Amino acid sequence: MTPATEHALPALEVEGLAFAYPDGSEALTGIDLRVAAGERVAVLGPNGAGKTTLALHLNGIHRAARGRITVAGATLEDRTLPELRRRVGLVFQDPDDQLFMPTVREDVAFGPANLGLRGDDLHHRVAYALAAVGCEALAERAPHHLSGGERRRVAIATVLAMEPDLLVLDEPTSNLDPASRRELVTVLRSLAVTQLVVTHDLPLVLELCPRTVVIDGGRVVADGDTSALLADTELLAAHRLELPFGMDPATVRGLPPPR
Amino acid sequence: MGAGHAHALYVHEHSPVHRLPPEVKIAAAFTFVACVAVTPREAVWAFAIHAVALAGVVRLARVPVRFLLTRMVVVVPFLGVAVLLPFVAVGDRIEVVGIPLAVEGLWGAWNVVAKAGLGAATSLTLAATTEVPLLLRGLERLRVPSVLTQIAAFMVRYLEVVVGEVQRQRIAMTARGYDPRWLWQVRPIATSAGALFIRSYERGERVHAAMLARGYAGAMPPPLDEPRTTTRQRLLAATLPLVGLVTTTAAMLWSRGT
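Residues numbered from 1 in each chain as written. Chains lettered and ligands numbered in written order. Predicted model: local features only at pLDDT ≥ 70, side-chain atom pairs only at ≥ 80, totals over all residues. Heavy atoms only, no water.

Caption draft 1: Examining the interface of chain B and chain A more closely. Between chain B and chain A, the contact holds 29 residues from the first and 32 residues from the second. Across the interface of chain B and chain A, roughly 2,700 Å² is buried in total on both sides, 58% from carbon and sulfur atoms. For the chain B face of the interface with chain A, the top three residues by lost area are Arg157(B), Arg214(B) and Leu224(B), together amounting to 33%. For the interface between chain B and chain A, the tally reads six salt bridges. Across the pair Asp94(A) and Arg203(B) runs a salt bridge whose closest N-O atoms are separated by 3.2 Å. Viewed at the interface, chain A and chain B are joined by 10 residue pairs in polar contact (both at pLDDT 80 or more). Elements with a contribution of two residues or more to the side of chain B that touches chain A: α7 (132-141), α8 (146-175) and α9 (187-213) of chain B. Residues belonging to the side of chain B that touches chain A are distributed by class as follows: 18 nonpolar, four polar and seven charged. (Contact = heavy atoms within 4.5 Å. Buried area = accessible area lost by both parts, 1.4 Å probe. Salt bridge = Lys/Arg side-chain N within 4 Å of Asp/Glu carboxyl O. Polar contact = N/O pair within 3.5 Å; in protein donor to acceptor, adjacent residues only side chain to side chain. Helix = DSSP H or I, 4+ residues; strand = E, 2+ residues; numbered from the N terminus. Nonpolar A, V, L, I, M, F, W, Y, C, P; charged D, E, K, R; others polar.)

Here's what the structure looks like:
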């Protein structure tokens, strides 16, 4: 999906990113993060650590007070904002926030149509995105008549249709039943695009992301190999992270090796 | 929330009326209702022709008559006013089973009943044969400002979400023993309405953020397909307003003559 020429460039580079909400509360105090093209990186951290705030910065919904964001070589500024919004696909936590058109097909077409696609190009793009998440059959349905798992996958299709260089997912597995969660993980594993997964779901992290970044107090406090990081009980405890009962990252077997 | 069909006014069918392009249907319904509205009330026969013409459309659309009649209950409040007219109007009176009624009032009541009834039946037939998204698209093609159609579209989309939140709030209150009977117990309802307002406002902000994230810059993209309207469809759709126009014109000439 990423053109060969861009492989040399990191998919995402964040330097010294700081942000305070209008009420004065500091959400980000200096984030540094570099993600290579094709990587899948988990972003962990307690509630209020600044994970969602970071996600909203990545395509310019929030504008940083300090620092710099570069996506596949393009730095985020007013001039590059429309292009950055194409390059970074943001999947929101609540699919009801993301799916606002009368039918699934129109919703998936919303992004690429804003990019100027029309006619057959647009139809192909919609078909491709729905096929990528296995939701071709839902095209004519109304988003509010879908199940939770279907909504989540359609929400991902709405940003895939923009052919992003970086997919940012905010809590992709929240409120899903186990089967829907399984289907979602299968879809995410099948996508070649670079992914940043903001979550509390540690089994998901272990299955999906070889690399993990922990954010707390608005900055990166740990960054490294997922299995090693999840085995570091002191680090987890210090940042209000806990493995589910019975889960030991060292003994998890049977996964196909991450790409 | 995933269950059921949201549009209680729609009848799922595959009739020629259902297949008509929405903007054509809207224009036809609007013209017909306008004709009914200006028909002189004394021309009772004209209303009969209007009604027969509309009944023809309803039959062609395969909309069950019961379905229409039950939904026409919405005009009852207006009929309440109409019922009062013969009693309160001044002028000549006639005796109906011993009760003196104003002639002018009777005509007024007939006027309201006939026009409200036909108008409601026409709108309901339009709603029964056109799904809400198509109605909105039809309005857009009729050059209704897109800000208005966008607002309506979002209202339709998020109505169920907001109703779902109201239901959850009510269940949560009931679960904690709230069982309002008297006016002084109204406070929790007021505060929950306030909470609902804030939540809806915040959702609005999140939806807007999601739109911006996908390149929204103030205008909705054009609709995906523009189906072509055939001449045959135009002719079919023109039948009802034509009958209406001819009848109304005849009724006006007739009432001037008498």
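Read on, since the account is not over.
Caption draft 2: Unusual backbone geometry, seen in detail. The backbone of Ala72(A) shows a phi angle near 45°, a positive value even though the residue is not glycine. Here Ala72(A) lies in the loop between β4 (66-71) and β5 (74-75). Taking the relative accessible area as the measure of exposure, Ala72(A) reaches 9% and is therefore buried. For Arg62(B), which is not glycine, the phi dihedral falls at a positive 55°. You can see Arg62(B) is positioned in the loop between α3 (44-60) and α4 (65-71). (Buried < 20%, exposed > 50% of the residue type's maximum accessible area, 1.4 Å probe, protein only.)

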